[in-house]
Amino acid sequence: MKKQEANKYFTLLSLYLAQSIPMSFFSTVVPVIMRMENYSLESIGYLQLMKLPWIIKFLWAPMVDRSCNCTRHYRRWILASEIFYAIVIFSIGFLNLETNFSTIIILMVIAFTASATHDIATDAFAILILKERERSLGNSMQSAGNFIGTLMGSGVLLIIYHYWGWQYLLFSLAA
């Protein structure tokens with residue numbers, strides 16, 4: 001494998017990893033934390049609202065694609081959505097889950113909108129940078145990034161939460 005090909009695969013792995021770690025944390029670890037803190041099942045169920053942007057991302061995907069003529073334009077969407085996603089997660093670190101639950105849900109819907117946009121741009125970027133013969137391995141990088149992100153976002157971050165607490169965990173997650 002040439003270095004240029006390896007760089008493509010590493011880039012894709014990193015991009016899918018970056019979008020899946022926070023998603024996994026908020027959809028898996030936060031419900032566990034809430035259960036430990038005796039939140040109602042109804043409140044925990046409301047957390048699933050944050051996935052709504054991923055369900056309806058088809059509504060703005062054409063706008064993202066129409067605004068892009070080349071990989072550079074998709075990179076801008078990826079970078080902008082990733083930075084925005086991180087800023088929202090960082091800001092959630094200043095909020096208390098118990099007293100700011102509704103605000104956190106709203107911010108996560110906003111963050112997941114950025115994450116869904118990141119996914120739209122990353123998928124298109126992958127198609128553009130990969131030659132047809134590279135796409136199967138590229139798809140493997142997508143799957144690996146998502147599963148490694150789930151492992152880190154669910155397992156590792158739950159352990160870190162135990163030692164660091166909510167605020168420092170979210171600050172490091174945003175970083």
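Because the structure is predicted, anything quoted here is derived from the model rather than measured. Each chain carries its own residue numbering, running from 1 in the direction its sequence is written. It should be noted that, the model being predicted, local features are given only for residues of pLDDT at least 70 and side-chain atom pairs only at 80 or more, the latter also being counted only at that level, while totals for whole chains, interfaces and linings use all residues. Side-chain measures were taken over the full set of non-hydrogen atoms in the model, leaving aside hydrogen atoms and water.

Engineer: Just to check I follow, could you spell out helix 5 (residues 71-92) for this structure?
Structural biologist: Side chains that are three or four residues apart share a direction in an α-helix, a result of its 3.6 residues per turn. Numbering goes from the N terminus for both helices and strands, where a helix is a DSSP run of H or I of at least four residues and a strand is a run of E of at least two. Working rule for helices: expected span equals 1.5 Å times residues minus one. Its 22 residues give helix 5 an end-to-end C-alpha distance of 31 Å, which sits within 8% of 32 Å, the value for a rise of 1.5 Å per residue. Burial status follows relative accessibility: with a 1.4 Å probe on protein chains alone, a residue under 20% of its type maximum counts as buried, one over 50% as exposed, and anything between as partly exposed. By the burial criterion, the buried members of helix 5 are His73, Tyr74, Ile78, Ser81, Tyr85, Val88, Ile89 and Ile92. Here the buried residues of helix 5 occupy an arc of 140° about the axis, which is enough to place them on one side. In helix 5, the exposed positions that point more than 90 degrees away from the buried face belong to Arg76, Leu79 and Ile87. This arc corresponds to the set of directions leading from the helix axis out to the C-beta atoms.

Engineer: Just to check I follow, could you spell out the confidence of the model for the chain for this structure?
Structural biologist: Caution applies to low-pLDDT regions: their predicted coordinates should not be interpreted in detail. You can read pLDDT as the predictor saying how much it trusts each residue, on a scale of 0 to 100. With 100% of its residues at a pLDDT of 70 or more, the chain has an overall mean of 93. When mean pLDDT is compared element by element in the chain, helix 4 (residues 61-66) scores highest at 97, while helix 2 (residues 41-46) scores lowest at 90.

Engineer: Which parts of the structure should I look at to understand the pattern of salt bridges?
Structural biologist: A side chain of one charge can pair with a side chain of the opposite charge when the charged atoms of the two come close. Just to be clear on terms, a salt bridge is a Lys or Arg side-chain nitrogen sitting within 4 Å of an Asp or Glu carboxyl oxygen. Summed over the entire model, instances satisfying the criterion amount to 3 salt bridges. The closest approach of N and O atoms between Asp119 and Lys57, which form a salt bridge, is 2.3 Å. Taken together, the residues Asp119 in helix 6 (residues 101-129) and Lys57 in the loop between helix 3 (52-55) and helix 4 connect sequence positions 62 residues apart. For Asp119, a relative accessible area of 5% gives the class buried. Given a relative accessible area of 17%, Lys57 falls into the buried group.

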